[in-house]
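An overview of the molecular structure
Letter by letter, the chains look like this.
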Amino acid sequence: MRLTHWLLRTVLLLSLAVAGLHLDGKAAFAQAPQPAAEAQTQAVPAQATGTQATETQATPAQAAPAEAPLASSALDQALKDIDKAKNQLASLQDRVKQNADNDDALVELAGQTDELGRGVIATSVSLRPRFDQIKSRLAELGEPPKDGQPPEAQIVTEERNALTSERSQINAVTGDAENLSIAITKLSNVITATRRQLFADTLFRRTEISVSVFDDATSAFVQEVSEFSQTFSSWITFVWKFKSLSLFAAIFLSLATALILLSGGYRLFGQYLRRDVHVEEPSYISRLAFAFWSTLIRTAALDVLLVTSLIFLDGFNVLRSDITPVIGALFGSIGLVYFVGRFVNAVFAPNDPSWRLVRLSNLGARSVGYCLIAMAVVNALDYLFGAIGEAMGSPLVLTVVRSLLAALIIGLILIAVSFGKPMLAKNGDPDAPGRHWPRGMAILLRVFGAGLIFAALSGYVGLARFVATQLIITSAIIVTTYIGLLLGKAISRQDNFGDTFLGRFLETRFKLGPVAIDQVGLVVGLLIYAVALLTGIPLILLLWGFHVQDLQLLAYRLFTEVRLGGISISLVGIFTGILLFAGGYLATRWVQKWLDSNVMARSHVDLGVRNSVKTGIGYLGVGVAAIFGISAAGIDLSNLALVASALSVGIGFGLQNIVSNFVSGLILLVERPFKVGDHVVSGTAEGIVKRISVRATEIETFRKQSIIVPNSELINGLVGNWTHRNKLGRSEIPVSVSYEADPRKVMDILLELTAAVPLILRNPEPHVEFLRFGPYSLDFELRFFLADMGDGLTVRNNLRIEILRRFKAEGIEIPLPQSDLTIHRQANADADAEKVLVQKPDEPEEATAENEVKEIETVEDERPVRQLRSKTADGKLKG
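Quick look at the structure, then. (Residues numbered from 1 in each chain as written. Predicted model: local features only at pLDDT ≥ 70, side-chain atom pairs only at ≥ 80, totals over all residues. Heavy atoms only, no water.)

1. A look at the overall build of the chain
Worth spelling out the cut-off: In this text, helices come from DSSP runs of H or I with a minimum length of four residues, and strands from runs of E with a minimum of two, each type numbered from the N-terminal end. With a 1.4 Å probe rolled over the protein chains alone, any residue whose accessible area is under 20% of its type maximum counts as buried; one over 50% counts as exposed, and the rest are partly exposed. Here, residues are in contact when the closest pair of their heavy atoms is within 4.5 Å. The method behind every accessible area is Shrake-Rupley, applied with a 1.4 Å probe, and residues are considered shielded solely by the protein chains displayed.
Secondary structure summary: the chain contains 25 helices and 13 strands in total. By the burial criterion, 34% of the 879 residues in the chain qualify as buried. For the chain, contacts bridging at least 24 residues in sequence account for 68% of all contacts bridging at least 6. Carbon together with sulfur atoms contributes 62% to the accessible area of the chain, which is approximately 53,100 Å² in total.

2. Digging into the sheet that holds strand S7 (residues 719–721)
Going by this rule: Here the rule is simple: two strands pair whenever DSSP picks up at least two bridges between them. To get an axis, fit a line to the C-alpha atoms, keeping to the stretch in contact for a helix; angles then go from 0 to 180 degrees between the N-to-C directions.
Taken in spatial order, the five strands line up as S6-S5-S4-S3-S7 in an open sheet, and their pairing is antiparallel. Only two strands of the sheet have a single neighbouring strand rather than two, namely strand S6 (706–710) and S7. Between one strand axis and the next, the sheet turns through 40 degrees on average, direction left out of account. Bridge analysis of strand S3 (residues 679–682) against S7 gives three bridges, and the strand direction is antiparallel. Bridge pairing in S7 links Val680 to Asn721.

3. Some words on the sheet that holds strand S10 (residues 778–786)
Ordered in space as S8-S10-S9, the three strands form an open sheet in which the pairing is antiparallel. Of all strands in the sheet, those with a lone pairing partner are strand S8 (729–737) and strand S9 (767–773), marking the two edges. Ignoring strand direction, the axes of neighbouring strands in this sheet form an average angle of 25 degrees. Bridging between S9 and S10 involves six bridges; their strand directions are antiparallel. Within S10, the residue paired with His767 across the bridge is Arg783. Set on the sheet, helix H24 (residues 743–755) makes contact with S8, S9 and S10; between it and S10 the angle comes to about 20 degrees. Where helix H25 (residues 792–810) meets the sheet, it contacts S8 and S10, and its direction lies at approximately 25 degrees from that of S8.

4. Describing helix H10 (residues 284–315)
What counts here: A helix is expected to reach a length of 1.5 Å times the quantity of its residues less one.
The first and last C-alpha atoms of H10 sit 46 Å apart over 32 residues, in line with the 46 Å expected at 1.5 Å per residue. Count one or two residues on from H10 and you reach Asn317, which has phi positive near 60 degrees.

5. Focus: a nonpolar patch on the surface
Here is the rule: Note on patches: the residues involved have over 30% relative accessible area and no salt bridge, like charges join within 9 Å, and the nonpolar side chains Val, Leu, Ile, Met, Phe, Trp and Tyr join within 5 Å. When a carboxyl oxygen of Asp or Glu lies within 4 Å of a side-chain nitrogen of Lys or Arg, that pair is called a salt bridge.
Residues Val659, Phe662, Val663, Leu666, Ile667 and Ile715 make up a contiguous nonpolar surface patch of roughly 420 Å² in combined accessible area. Sorting elements by how many residues they give to the nonpolar patch places helix H22 (residues 656–671) first, with five residues. Structurally, the position occupied by Val663 is in helix H22.

6. Considering the pairing of S6
Direction of pairing for strand S5 (residues 696–700) relative to S6: antiparallel, over a ladder of five bridges. By the bridge assignment for S6, Glu698 is matched with Ile708. As consecutive antiparallel partners, S5 and S6 are separated by five residues, and within that stretch Lys704 has a phi angle of approximately 65 degrees, a positive value.

7. Here we look at the side chain of Ser738
For Ser738, the location among the structural elements is in the loop between S8 and H24. By relative accessible area, which is 6% here, Ser738 ends up buried.

8. As for the packing of aromatic side chains
Basically, it comes down to this: Between 30 and 60 degrees the pair is tilted, below 30 it is stacked and above 60 it is edge-to-face, where a pair is any two Phe, Tyr or Trp rings, Trp via its six-membered ring, whose centres lie within 6.5 Å. Criterion for a charge above a ring: Arg CZ or Lys NZ at most 6 Å from the ring centre, at most 35 degrees from the ring normal.
As enumerated under the stated definition, the model contains 12 aromatic pairs in all. Aromatic side chains Phe238 and Phe242 sit 5.6 Å apart centroid to centroid with 40 degrees between the ring planes, which places their arrangement in the tilted category. With Phe238 and Phe242 both in helix H8 (residues 211–242), this residue pair falls four residues apart, about one helical turn. Among the residues examined, Phe242 registers a relative accessible area of 63% and is labelled exposed. Ring plane angle 65 degrees and centroid distance 5.9 Å describe the contact between Phe290 and Trp355, whose orientation is recorded as edge-to-face. Here the residue Phe290 occupies a position in helix H10, and Trp355 occupies one in the loop between helix H11 (324–347) and helix H12 (362–392), the gap between them amounting to 65 residues. Three or more aromatic residues joined by ring pairs form one cluster here, namely Phe199, Phe466 and Trp544. The ring of Phe510 carries the charged tip of Arg509 above its face, separated from the ring centre by 5.2 Å.

9. Quick look at the nonpolar core
Just so we agree on the cut-off: Note on terminology: a nonpolar core comprises buried Ala, Val, Leu, Ile, Met, Phe, Trp, Tyr and Cys residues joined through side-chain atoms within 4.5 Å.
Phe292, Trp293, Val340, Phe348, Leu372, Ile410 and Leu487 are the most contacted members of the largest nonpolar core, which totals 59 residues. If one sorts the elements of this core by residue count, helix H15 (residues 461–492) sits on top with 11 residues. Grouped together as the second largest cluster of nonpolar side chains are 27 residues, Ala85, Leu163, Ile170 and Leu187 included.

10. Some points on the side chain of Ser294
Within the secondary structure, Ser294 is located in helix H10. Given the relative accessible area of 0%, Ser294 is considered buried.

11. Topic: the environment of Thr469
The line we're drawing: Each polar contact in these results corresponds to two N or O atoms within 3.5 Å; when the atoms are within protein, one needs to be able to donate a hydrogen and the other to accept it, and residues that are neighboring in sequence are counted only if both atoms are side-chain atoms.
Position of Thr469 among the secondary structure elements: in helix H15. Not counting residues within four places of it along the chain, the set of residues in contact with Thr469 comprises Asn379 and Thr474. Among the polar contacts listed, one links the side chain of Thr469 to the side chain of Asn379, at a separation of 3.0 Å.

Written as structure tokens, this is what we have:
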């Protein structure tokens, strides 16, 4: 009863669902009329905020009659989304005007504007399927009858009117979306121009430098120190009393994270994070690898540690709003100084001249390295004190003086460095006193140093501060990126990767050959290129005024909305399509292998059937994977019809042979006139079928020669298949004996020898045919059947040996072919035209034509026989 009740309930629910779908399907093409008031409330004027609509721009209310309803919920939702987008656009425009001098706020507004634009485009695109349905349905209904034509059914007229009204509404909404998208694009351009102008104004803002400025800065600095000391002391007291447990938990998690990062980094990249002191002259690749990976990995590990520590401290509510920026600036300063220190140690190698990448002396490497670290410390302190000043609300004059002092110190350091002697001595001894910089390098350093000092003293403190920062940090990043590119180039060169630690490991672990190792080296080189560029370029952009949100937006557009004319390309979609195709291909190969080795092999399916099934599944799987991959890549499959129509002309002319072979291959796989393993004979080859593809068939001859035969030739020509139904076949051995032999005895001997061979079938039974009375022998033929035609050669060979041995034992003679050659000579010796042989002057008279030896070669019964005969003048045979 319970089961019956459940079945009845299921049937009832399915019936209601089907009825609902049926009604919805009808409603899609003919909607019931609604009151005009409802249409008025739902129709919203379509006018983009921030733009002036033209008089010809139609709105939903104008495009449709007042009594026309909103034909679908999708259209209703689109109208609501457009109205909401208009309000959001108006709000964004007001906020842009209010925050015209705040770069951080403008960055956030730019992201919101971009998101709003994508939403408007998505709303417009969502109406496209319904518009295509209406267009198709109107084409089916056709034009309304003209005057004088028979009237059409009322229901058809009502449906056409409803669809026309809905199409007008969709056109109006789409027009509103386009206008709104244009307004959003204009606002995005305004934000970009405002940010660019704000950056230029900040960079080239001039400040009067005077004694009073330094007096005001001194007073502000004393007050800032006092306020920060009080703030920091109160925070420490608060944390120690109320947040000590959270502080220790955050420190513990930070240290645990650092330990995991360090241990994992040394486990994976330990070979490249330390120098091998036992190597006196390291290779160029080893020096590049150490410089790049040690700088990048160690700096990244410290940065991750600092970021996670800040996250843990903030997550456990250890930090306060006035302390968080200062701690963040402190961590950033530490990361900056550490990066420059690692860069100096990797490139200049003050204590390891053999690992040095530049031609500097030991003293020069240490002096230049210390100067770079000093400039990094000055920049870091300026950045830290600036963050403290912003947190404490210090006056602008203090920030100006701090930046002025930092620019002056860096300028003086550059000028001092230009007078040094850091270059390697001519004899190549790193301990020897160095030489001066090249003249161009020295002049460049002095120009930069003097320019910084002049710009700072002239009041362009922001410009001097920006240039000083870029000279240190940007240069270090560029050089590190360049080292990465050099490393990738060096590893990509032929035969270089095999000499590296990773190359030797892969060669030993996976037993790779030189060619495979070289190909892996090429891939590794490309990966190093990608790591260097994807690390260096974003850091340089951040230093040059870009925000993280800018990079996120740029990456999103790069990977999702690359436009080439009117075509939009999504790199993420293409990558996803490639992954789907690769996954489908691998899954297809796995299914092929599983079916062949588990299902068909265990079922003892014929080898040819297994090959056909594997090939068919392979083509089907690859085709399905290609369809999914193309769809995921964002390519409309309907557009492929245009490509197919364009290719049809080429197929009709230049590609007809390829198409013919392709279709013939499909016929061979389906019809299977022969299969893999069959012994076939065609007009071009004879052998065993090894492989059948959609273009050609591979036939291996008995001499192990592979012959590739186009499939169209096998379909259109005559093909003999010795093993079409099965491998059963008849084999023959011709035998000839002399006329003195007993035919019955010969036949009995042959059958007796056949019976002793186990490979010869008993049903059909072997038999001997007495073929003919030959000119000099009695001709027989031994015929027998084999279960496998492949054994015929071995069986025939062994049987011939036994037949010859038995005939000799029984005294049965196998005659030789005999031929008579008669030479007629004329009596008249002076008939020169009839002479067959001219005797040389120095030959004896006995060597006449009567004693000439004649050679006759006859091939019969597969036995080449040569018999030499001579006939004397009296007509008797000799020899």
